[in-house]
Amino acid sequence: MNWGSKMKSLYISGVVILLLLLIGVPVYFKYFDKAPSCFDNKQNQDEIGVDCGGDICTKLCAFQARDPIISFERLYEASSGNYTAIALVENPNQGVFSRNISYVFKIYDKDNVLLFEIPGTTFAPPGRTFPIFASQILTGNRIASKVTFAIAGGAAIEWQKSAWTEPNVKVTNIKTSVVNGRSRIEADITNSEVYTIKNLQVAAVVYDKNGNAAEASATTVASISPLRSTHIVFAWNSEFAFDVGKIDIIPRPVPRDWETAN
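Residues numbered from 1 in each chain as written. Predicted model: local features only at pLDDT ≥ 70, side-chain atom pairs only at ≥ 80, totals over all residues. Heavy atoms only, no water.

A word on the packing of aromatic side chains
One pass over the full model with this rule turns up 7 aromatic pairs. Aromatic pair Phe97 and Trp164: ring centres 5.1 Å apart, planes at 55°, arrangement tilted. Here Phe97, found in strand β3 (residues 97-109), pairs with Trp164, found in the loop between β7 (159-160) and β8 (169-179); they are 67 residues apart in sequence, far enough to count as distant. Judged by relative accessible area, which is 3%, Phe97 ranks as buried. Consider the rings of Phe105 and Phe149, whose centres lie 4.8 Å apart with planes at 50°: the pair is tilted. Placement of Phe105 in strand β3 and of Phe149 in strand β6 (residues 144-151) is noted, with a sequence separation of 44 residues between them. (Phe/Tyr/Trp six-rings, centres within 6.5 Å; stacked < 30°, edge-to-face > 60°. Helix = DSSP H or I, 4+ residues; strand = E, 2+ residues; numbered from the N terminus. Buried < 20%, exposed > 50% of the residue type's maximum accessible area, 1.4 Å probe, protein only.)

The structure is reproduced here in structure tokens:
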């Protein structure tokens, strides 16, 4: 090989090596030399499952958390052909919450014919009992008679152990009355935060003397200004046919940083 050919060969080799360095090195670091993380589809670091568990990952493995517990589900007729379905659910996991759990209400008539199937998603606060409700269930001339409620469990729920910052909402001045033959429950809801709380879900569960959830209702408060209160009223079409033993007014404020994401 003459001198010219040798120089040409060296030049080509240099170009190839340069291209390998410019292309190959970034590709290697991008695809083959990733730092371990909780999102790399591998069980590494101190994880006890793939991308879950351990001290490093906020996501828990499915076997580390207990499924939500359904305390009860009820169907109430708000007015003729207009129903409200409510379920009371407990997250038994202390310090662990989920941003999204899937559920479904199923509404049946007296002949067990399915009238409506109402799916949805909601959040589960840590170590708390919380209501889930579906309102404005319009059946027309059909009469709803029964409701069932089911919630996703196991690997279908992504549990997290990061910080939970629930807004400070207080319920005071709960009163019961009968107006024109209709039972009413009133209460004041106070926003103790320095920012406006939006889309606040509030449920009222009325128990009889034996501890049974005999009636329930729910509403959504569009907004409560900082350090202010609002008055809410739950009304039924008739007077309660039982002696009231206990009333639970349960607000479900969405954490502030979730307002635009949920």
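Observations concerning the confidence of the model for the protein chain
The predicted structure's coordinates, where accompanied by low pLDDT, should not be read in detail. Of the residues in the protein chain, 85% have a pLDDT of 70 or more, and the chain-wide mean is 86. Mean pLDDT across the elements of the protein chain bottoms out in helix α1 (residues 3-31) (61) and peaks in strand β9 (residues 182-191) (96). (pLDDT = per-residue confidence, 0-100.)

A closer look at the state of the cysteines
The term disulfide refers to a covalent linkage connecting the sulfur atoms of a pair of cysteines. Here the structure, examined in full by the defined rule, presents 2 disulfides. Through a disulfide, Cys38 is tied to Cys57; the S-S separation comes to 2.1 Å. Between Cys38 and Cys57, the S-S dihedral sits near -100°, and the bridge is therefore left-handed. Of this pair, Cys38 sits in the loop between α1 and β1 (69-79) while Cys57 sits in the loop between α1 and β1, placing them 19 residues apart in sequence. Assigned by exposure class, Cys38 and Cys57 land together as buried. A sulfur-sulfur distance of 2.0 Å marks the disulfide that ties Cys52 to Cys61. One disulfide, between Cys52 and Cys61, carries an S-S torsion of 90° and so falls in the right-handed class. (Disulfide = S-S within 2.5 Å.)

Examining the sheet that holds strand β11 (residues 213-224)
Two orientations exist for strands paired in a sheet by backbone hydrogen bonds: parallel and antiparallel. Spatial strand order, β11-β10-β13: 3 strands in an open sheet with antiparallel pairing. Both edges of this open sheet fall to β11 and β13 (244-252), since each of them pairs with a single strand only. On average, each strand axis in the sheet is inclined to that of its neighbour by 15°, with strand direction left out of account. Relative to β13, strand β10 (residues 197-208) is paired through 8 bridges, and the arrangement is antiparallel. (Pairing = 2+ DSSP bridges. Axes fitted to C-alpha atoms, helices over the stretch in contact; angles between N-to-C directions.)

Quick look at the environment of Pro167
As for its position among the elements, Pro167 is in the loop between β7 and β8. In the structure, Pro167 is positioned 30 residues away from Ile197 in sequence and 7.9 Å away in space, judged by C-alpha atoms.

Regarding the sheet that holds strand β12 (residues 229-235)
Taken in spatial order, the 3 strands of this open sheet run β8-β9-β12, and their pairing is antiparallel. Every other strand in the sheet has two partners, leaving β8 and β12 as the edge strands with one partner each. Taken over all neighbouring pairs, the strand axes of this sheet differ in orientation by 20° on average, direction set aside. Sheet topology note: the β9/β12 ladder contains 7 bridges and is antiparallel. From the neighbouring strand, Thr190 faces β12, where its bridge partner is Ser229.

Thoughts on the pairing of strand β4 (residues 114-124)
Here β3 runs beside β4; their pairing, made up of 9 bridges, is antiparallel. Each residue of the ladder has a partner; that of Val104, found in β4, is Pro119.

Some remarks on the pattern of salt bridges
The final tally for this structure, using the stated rule, is 5 salt bridges. Salt-bridge contacts for Lys110 lead to Asp111; the nearest nitrogen and oxygen are separated by 3.6 Å. The pair formed by Lys110 and Asp111 is uniform in burial state, with each residue classed as exposed. Of the charged contacts in the structure, one is a salt bridge between Asp248 and Lys246, with a shortest N-O distance of 3.8 Å. (Salt bridge = Lys/Arg side-chain N within 4 Å of Asp/Glu carboxyl O.)

Remarks on the nonpolar core
Formed by 24 residues in total, the largest nonpolar core has its most connected members in Phe105 and Phe149. Elements with a contribution of two residues or more to this core: β2 (82-90), β3, β4, β5 (129-138) and β6. Not counting the four nearest positions on each side in its chain, Phe149 is found in contact with Ile70, Glu73, Ala87, Val89, Tyr103, Val104, Phe105 and Ile132. By size, the runner-up hydrophobic cluster in this structure holds 18 residues, among which are Tyr195, Ile197, Ala204 and Ile249. (Core = buried A, V, L, I, M, F, W, Y, C linked by side-chain atoms within 4.5 Å. Contact = heavy atoms within 4.5 Å.)

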